[in-house]
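Residue strings, one per chain:
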Amino acid sequence: FYQPPGSHKVMPCPPGTISPPGSTEVSECQCPAGTYKLVRESLDITCISCPEGSSSSEGSTSIEDCVCRPGLGVASRSYNRSIISSQDTCDVETT
């Protein structure tokens, strides 16, 4: 929820988003951990899940905030843990 300045009305954040205490604008609504924010238009906020095997911190705003979990990595990039594309997948690192 957020409360615009000077208003007594509390507004809900878009579905699937959360807001830190004291939020005053819809732009402050954040995605939960494991997702990142995709903004299509000023008020159209969607939370997209990180690729399987990866996660992100609460409030992430890009797929690049998603990181493969320990022991996993992107095979096509020498098991680098960073996600840079929706095509990236986290695989078990082989030695």
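Residues numbered from 1 in each chain as written. Predicted model: local features only at pLDDT ≥ 70, side-chain atom pairs only at ≥ 80, totals over all residues. Heavy atoms only, no water.

Draft legend 1. Focus on unusual backbone geometry. Unusually for a residue other than glycine, S78 sits at a positive phi of about 55°. Here S78 lies in the loop between β5 (72–73) and β6 (91–92). Positive phi values are uncommon outside glycine, yet Y79 reaches one of about 60°. Structurally, Y79 is set in the loop between β5 and β6. (Helix = DSSP H or I, 4+ residues; strand = E, 2+ residues; numbered from the N terminus.)

Draft legend 2. Main features of the pattern of salt bridges. Counting across every chain of the model gives one salt bridge. The salt bridge partner of R77 is D88, with a shortest N-O separation of 2.9 Å. Linking R77 in the loop between β5 and β6 with D88 in the loop between β5 and β6, this pair joins segments that are 11 residues apart in sequence. Look at D88 and you get buried, because its relative accessible area is 9%. (Salt bridge = Lys/Arg side-chain N within 4 Å of Asp/Glu carboxyl O. Buried < 20%, exposed > 50% of the residue type's maximum accessible area, 1.4 Å probe, protein only.)

Draft legend 3. Up close: the state of the cysteines. Inspection of the entire model under this criterion finds four disulfides. Two residues share a disulfide in this structure: C31 and C47, whose sulfurs sit 2.1 Å from each other. One quick way to see it: the torsion about the S-S bond of C31 and C47 is about -95°, and its sign makes the bridge left-handed. Separated by 16 residues along the polypeptide, C31 in the segment before β1 (35–41) and C47 in strand β2 (residues 44–49) bring together distant segments of the chain. Bridging C50 to C66, the disulfide has an S-S length of 2.1 Å. Classification of the bridge connecting C50 and C66 rests on its S-S torsion, roughly -75°, and on that basis the disulfide is left-handed. On the criterion of sequence distance, the pair formed by C50 in the loop between β2 and β3 (54–55) and C66 in the loop between β3 and β4 (67–68) is long-range, its members being 16 residues apart. With respect to class, C50 is no different from C66; both count as buried. When the bonded cysteines of the protein are numbered from the N-terminus onward, they pair as 1-2, 3-4, 5-6, 7-8. (Disulfide = S-S within 2.5 Å.)

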